[in-house]
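Listed below are the residues making up each chain.
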Amino acid sequence: MRISDIIRQAIEVGERKGWITFDELNEICPGAEVEPEDIERIMQAFSDEGIRLEEE
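Residues numbered from 1 in each chain as written. Predicted model: local features only at pLDDT ≥ 70, side-chain atom pairs only at ≥ 80, totals over all residues. Heavy atoms only, no water.

Taking 1.5 Å of rise per residue, 15 residues should cover 21 Å, and helix H1 (residues 3-17) covers 22 Å from first to last C-alpha, within 8% of that figure. Elements that come into contact with the buried residues of H1 comprise strand E1 (19-21), helix H2 (22-28) and helix H3 (36-49). Positive phi appears at glycine 18, one or two residues downstream of H1, with a value of about 90 degrees. (Helix = DSSP H or I, 4+ residues; strand = E, 2+ residues; numbered from the N terminus. Expected span 1.5 Å × (residues − 1). Contact = heavy atoms within 4.5 Å.)

This brings us to H3. Each α-helix winds once per 3.6 residues, and so residues spaced three or four apart point in a common direction. Under the 1.5 Å per step criterion, the end-to-end length of H3 is 20 Å for 14 residues, consistent within 8% with the ideal 20 Å. Burial in H3 covers these residues: Asp38, Ile42, Ala45 and Phe46. Take H3 and look down its axis: the buried residues cluster within an arc of 100 degrees, on one side only. Facing away from the buried side of H3, by more than 90 degrees, are the exposed residues Pro36, Glu37, Glu40, Ser47 and Asp48. Where H3 is buried, its residues meet H1, E1, H2 and strand E2 (52-54). Downstream of H3 by one or two residues, glycine 50 has phi in the positive range, about 70 degrees. (Buried < 20%, exposed > 50% of the residue type's maximum accessible area, 1.4 Å probe, protein only. Arc of directions from axis to C-beta.)

Interpretation note: all reported values are geometric properties and have no functional meaning in isolation.
Written as structure tokens, this is what we have:
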């Protein structure tokens with residue numbers, strides 16, 4: 001899965017409640033190779049949308 005697809009899906013989940021859990025994010029990208037640059041893009045997208053990343 002492309003990183004842009006992962007970001008789009010994660011934002012869709014996060015927009016509903018204002019946050020997304022690590023488990024939900026892992027479900028969106030199972031087995032995907034995520035590089036450090038990709039993590040930066042994901043975190044920036046969350047920040048831009050006002051979405052927090054939560055443990056539980």
